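Coordinates in review
Below, each chain spelled out in residue letters.
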2 protein chains.
Amino acid sequence: MNSLSDPFEATENERLAQIYTAAAELFCEKGFDGTSMSAVAEMVGITKAGIYHFIPGGKKDLLFAIMSYGLDRLDTHVITPAHAIPDAEERLRSIINNHVRLITSGSKTGGHNPVTIVVEEVGGLSPTHRRKIDQRKRVYVELIRDTLKQLKQDGKLQAVDETVAAFSLLGIILWISRWYDPDGRLSAEQVADEIMKLALGSLLRPQTQQAHH
Amino acid sequence: MNSLSDPFEATENERLAQIYTAAAELFCEKGFDGTSMSAVAEMVGITKAGIYHFIPGGKKDLLFAIMSYGLDRLDTHVITPAHAIPDAEERLRSIINNHVRLITSGSKTGGHNPVTIVVEEVGGLSPTHRRKIDQRKRVYVELIRDTLKQLKQDGKLQAVDETVAAFSLLGIILWISRWYDPDGRLSAEQVADEIMKLALGSLLRPQTQQAHH
């Protein structure tokens, strides 16, 4: 927020993050069709010429750039830390906690996380870009599914199909971007705790869970 | 499919359903921006003049019309049957089963349900239309939340926050529209069973569940 109020202090990367977030917010509000590069520039407080310095390809490139930015953040804050954890249950807890925090921390008053929502927009990408985004999403699904498979080998997984379970967990977490309001009744921490309880309640066998209470 | 191959036998309502489904599919594929009324008309096998008979307001009205159609189907197949069930656990099972079936039955090869996805698109609606759609979605969230509250009174709910639990259930179910492939490994029935296990596993107390196995 500091760098937003003083745009001259923003580094190149901070400025790009501001642009992606502002553009995602406008897409959620007015649709892709109803959002102009000028409106994005105005929201970030730079000139229309200035925004083309950052996004030379214009609006057509912006959708792919926002999705890549969102998936970069997922890499940094969720996927990379998870890879460092050998124990499957610990890794699952880390994935849930970090991903929930990533979404709640980027959520806006009134209840939505624009970047997370735009990452899941369908349509509007060129086939090449779409393949790239789909490939990155698949990597994350595989990480979750492999973690569930390992939990099964450890005798800790409920009798559930790992694929359906992986997508269900993803549905629970990604849906937070549609309803979580940072000014609402529940703090980010409470939401993370509730999601952890709900997710583990459906995935882990009762005795495994109790050992952690 | 029959009425699609012989358009002259389709009734007005069937034709509208075809138009909404085709338009939703094109939106998911090419984005709202990249979809023309002619492309929708061509997909349904009617003339461009013909499609304006059904959708006089053109593309601008189409998004709201698809969402209303999707929510009408939710009303008919999920909400109305649920209201007829006084027992909370039975009502919850009915909501899950009927909503999962609604999504899997409208899913396309390759893995998505275009109408369900478009209902959850954000942006692109006029403020009046948006309020109407949001209001209808809220009614459904309230139905689920009230059912969970009743389960709590019955002593059957896990120690979870009813609001987070309601949205998590919704996330699990709605996310099916992004990954379920009718030509994939799992049948619609198997997916419904797995989702039921996962959802009830996180929501119902263990003894309640076991009594139903």
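In this text the structure is predicted, and so the values were computed from the model without any measurement.

What about the environment of A:Leu169?
Along the chain, A:Leu169 falls in helix α9 (residues 162–179). Not counting residues within four places of it along the chain, the set of residues in contact with A:Leu169 comprises A:Leu92, A:Ile96, A:Ile144, A:Ala199 and A:Leu203.

Some remarks on the domain arrangement of chain A
Residues and elements named next belong to chain A. According to the domain assignment, chain A contains domain 1 (1–56) and domain 2 (60–211). One C-alpha centre belongs to domain 1, the other to domain 2; they are set 26 Å apart. With 13 residues of domain 1 at the interface, the matching set in domain 2 holds twelve residues. The junction of domain 1 with domain 2 conceals about 1100 Å² of combined surface from both sides, 85% of it contributed by carbon and sulfur atoms. Linking domain 1 with domain 2 are one salt bridge, by the criterion used here. The residue Lys108 makes a salt bridge to Glu25 at a minimum N-O spacing of 3.6 Å. For the pair domain 1 and domain 2, the number of links is zero residue pairs in polar contact (both at pLDDT 80 or more). Listed by contribution, the elements that provide at least two residues to the side of domain 1 that touches domain 2 are α2 (12–30) and α3 (37–44). When residues of the side of domain 1 that touches domain 2 are assigned to their parent elements, the largest contribution, nine residues, is made by α2.

Here we look at the relation of the copies chain B and chain A
Overlaying chain B with chain A gives an RMSD of 0.0 Å, the required rotation being 180 degrees about an axis along which the chain moves by 0.0 Å. One copy is carried onto the other by what is essentially a two-fold rotation axis. Most of the interface of chain B is mirrored in chain A: 100% of its interface residues are interface residues there too.

Rules used in this analysis
Residues numbered from 1 in each chain as written. Chains lettered and ligands numbered in written order. Predicted model: local features only at pLDDT ≥ 70, side-chain atom pairs only at ≥ 80, totals over all residues. Heavy atoms only, no water. Helix = DSSP H or I, 4+ residues; strand = E, 2+ residues; numbered from the N terminus. Contact = heavy atoms within 4.5 Å. Domains from an automatic or database assignment. Buried area = accessible area lost by both parts, 1.4 Å probe. Salt bridge = Lys/Arg side-chain N within 4 Å of Asp/Glu carboxyl O. Polar contact = N/O pair within 3.5 Å; in protein donor to acceptor, adjacent residues only side chain to side chain. Least-squares fit on C-alpha atoms with pLDDT ≥ 70 in both.

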